[in-house]
Amino acid sequence: MELRHLHAFVAVAEELSFTRAAERLHISQPPLSQQIKRLEREVGTALLRRTTRSVELTAAGAAFLAGVRDALGSLDAAKEAAHRAAAGESGTVRLGFSGPTSYRELAAITREFRVKRPHVRLEVAGPFFAGELAGRLRLGELDAGLVRLPLPDAGLRVVELLRHPLAAAVPAGHPLAARDVLRLADLDGVPLVGYPSGRGSVVRKLLRITFAERGLTLEVAQEAPDTHTILSLVAAGAGVGLVPVSARHLGVPGVTLLPVADAPAVPLGLAWRDGDPDPAVRALVGLVQDLAGELPDAAAE
């Protein structure tokens, strides 16, 4: 059953005139009549009652018209859905994120993406450390990730969005709490509450390298699974924490964040699989790249 035959039948049924239907379809009347006859043979019954003066739908024709309209409507909807998907205006994007120190950036990206791509389902998962997130991207469990850089994995594309300086989280009553600014040497051998060593934490690796290069002792007295827990343990007096300054918005009572003048900054970026063909993923990447200069600057607050 050819699509053009169905369109021809709908035109005749709505115009109740072969002449007007032929004009509407921009064809001559004889080919139109032949298309209707072929359609009736395929259906196996008369769909139209013709006289020299009029055209009427048979009972079968009226029933067939309702079904054809539904089918053509579904087909048009399917075409529109295909066009939206190809343009990255529908589908699902699974976005991972690195933890509490990227909450504000995650909120800004999510809010803007929902405005620009309202029909794309954005699923947010996390938090993950960089190594964990890279592994999930590689396995196809995530489509993109807001993550601390550098990533310990090949086969991924990365765009850097901003950098967060490291700050010292100091408990109230600690001797360092009275200082305005610290240096890394002030933390030489000081018991620290740190990120775990076995989960691909970029901050933990960066501190290990930086302390070693400067001949300082990195003394991690206790590990914590995320920034919020680090701050909570600092508040309890378990040690000093070194966290991105963007942790300031967490506002844990009993903790003061002090700048560390010579501490390295930690980049935050977006990562995705190299060559990912999904238009919705490409739409997210493009939006984040455009938004990069407008993301909140925690260090400036």
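What counts and what doesn't
Residues numbered from 1 in each chain as written. Predicted model: local features only at pLDDT ≥ 70, side-chain atom pairs only at ≥ 80, totals over all residues. Heavy atoms only, no water. Helix = DSSP H or I, 4+ residues; strand = E, 2+ residues; numbered from the N terminus. Rg over C-alpha atoms; globule rule 2.2 N^0.38 Å. Buried < 20%, exposed > 50% of the residue type's maximum accessible area, 1.4 Å probe, protein only. Contact = heavy atoms within 4.5 Å. Areas by Shrake-Rupley, 256 points an atom, 1.4 Å probe, with all protein chains shown as cover. Lys, Arg positive; Asp, Glu negative; His and termini not counted. Charge placed at Lys NZ, Arg CZ, Asp CG, Glu CD. Pairing = 2+ DSSP bridges. Right-handed = clockwise from strand over helix to strand, strands pointing away. Core = buried A, V, L, I, M, F, W, Y, C linked by side-chain atoms within 4.5 Å.

Some details on the overall build of the protein chain
Along its length, the protein chain carries 9 helices and 11 strands. Taking 19 Å as the expected radius of gyration for a compact globule of 301 residues, we find that the protein chain reaches 32 Å, considerably beyond that expectation. Burial status across the protein chain gives 44% buried among its 301 residues. Taking the intrachain contacts of the protein chain between residues at least 6 apart in sequence as the baseline, contacts between residues at least 24 apart amount to 73%. Carbon and sulfur atoms provide 51% of the accessible area of the protein chain, an area that totals close to 14700 Å². A distance of 6 Å separates the average location of the 34 positive side-chain charges in the protein chain from that of its 34 negative side-chain charges.

Notes on unusual backbone geometry
With omega at 5°, the peptide bond leading from Gly126 into Pro127 counts as cis. Here Pro127 lies in the loop between strand E4 (120-125) and helix H6 (130-138). Omega for the bond connecting Leu149 with Pro150 falls within 30 degrees of zero, at 5°, which places this linkage in the cis form. One non-glycine residue, Leu16, lies in the positive phi region at around 50°. Checked against the element boundaries, Leu16 lands in the loop between helix H1 (3-15) and helix H2 (18-25). In the Ramachandran plot, His26 falls in the positive-phi region, its phi being about 60° despite a non-glycine side chain. Within the element layout of this structure, His26 appears in the loop between H2 and helix H3 (29-43).

Focus: the pairing of E4
Sheet topology places strand E3 (residues 91-97) next to E4; 6 bridges connect them, and they run parallel. From the neighbouring strand, Val93 faces E4, where its bridge partner is Leu122. Read from E3 through helix H5 (residues 103-116) to E4, the crossover connection turns out right-handed.

What about the nonpolar core?
Generally speaking, nonpolar side chains in soluble globular proteins are found buried as a group. Ranked by size, the top nonpolar core spans 45 residues in total, and within it Leu151, Leu231 and Leu242 carry the most contacts. Counting only elements with at least two residues in this core, the list comes to H6, strand E6 (156-171), strand E7 (192-194), helix H7 (202-213), helix H8 (227-235), strand E9 (240-244), strand E10 (255-259) and strand E11 (265-273). Looking at this core, the element that brings in the most residues is E6, giving 5 residues. Filtering out sequence-adjacent residues up to four positions away, Leu231 remains in contact with Ala169, Val243, Ala247, Leu250, Val252 and Val255. Grouped together as the second largest cluster of nonpolar side chains are 24 residues, Val93, Ala144, Leu161 and Trp272 included.

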